[in-house]
Amino acid sequence: MKTYEVTITETLQKTVEVEANSRLEAEALVESRWNNSDSFVGVDFSARTKERSRDYER
C-alpha cells in the first residue's frame, strides 16, 4: 500500500453581531445572510503520494 498525505482546507468560524427581537430571529437573520453571501468557501480535500525520506533508518 502507498502512503498519502491529505490536506484538508476548511472554512473559518467567526462571530457577528446582529440586532433582533429574539435569539431565534438573530440566528435566522444571520443564516439568511450567510446563505445569500458569496463568502462561503466550503471544504476541500487534496491527496498526494507521500515520498520516503532518504534519511530513514532500516
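Just so it is clear, the model here is predicted, and its values are computed rather than measured. (Residues numbered from 1 in each chain as written. Predicted model: local features only at pLDDT ≥ 70, side-chain atom pairs only at ≥ 80, totals over all residues. Heavy atoms only, no water.)

> Teacher, can you tell me more about the overall build of the protein chain here?
Each helix and strand in the protein chain was counted, giving one helix and two strands. The N-to-C order of helical and strand elements in the protein chain reads β-α-β. A total of 58 residues make up the protein chain; the buried ones form 3% of that total. Taking the contacts inside the protein chain whose residues are at least 6 apart along the sequence as the reference set, 76% of them involve residues at least 24 apart. Within the structure as shown, the protein chain displays about 6400 Å² of accessible surface, and the carbon and sulfur contribution to it stands at 46%. (Helix = DSSP H or I, 4+ residues; strand = E, 2+ residues; numbered from the N terminus. Buried < 20%, exposed > 50% of the residue type's maximum accessible area, 1.4 Å probe, protein only. Contact = heavy atoms within 4.5 Å. Areas by Shrake-Rupley, 256 points an atom, 1.4 Å probe, with all protein chains shown as cover.)

> Can you walk me through the environment of Thr 49 in this structure?
Counting through the fold element by element, Thr 49 comes out in strand E2 (residues 44–49). For the pair Thr 49 and Tyr 4, spaced 45 residues apart in sequence, the C-alpha separation works out to 4.5 Å. Excluding its chain neighbours within four sequence positions, the residues that come into contact with Thr 49 are Lys 2, Thr 3 and Tyr 4.

> Could you clarify how one ought to interpret a nonpolar patch on the surface in this entry?
There is a patch of nonpolar side chains on the surface, built from Tyr 4, Val 6, Ile 8, Val 43 and Phe 45 and spanning about 530 Å² of accessible area. With three residues, the top contributor of residues to the nonpolar patch is strand E1 (residues 4–9). Looking at the secondary structure, you find Val 43 in the loop between helix H1 (23–35) and E2. (Patch = residues over 30% accessible without salt bridge, like charges linked within 9 Å, V, L, I, M, F, W, Y side chains within 5 Å. Salt bridge = Lys/Arg side-chain N within 4 Å of Asp/Glu carboxyl O.)

> Looking at this structure, how should I read the pairing of E2?
Regular strands place side chains that alternate from one sheet face to the opposite one. A small share of E2 lies buried, amounting to zero of its six residues. The sheet contact formed by E1 and E2 spans six bridges and is antiparallel. Directly across from Glu 5, in E2, lies its bridge partner Arg 48. (Pairing = 2+ DSSP bridges.)

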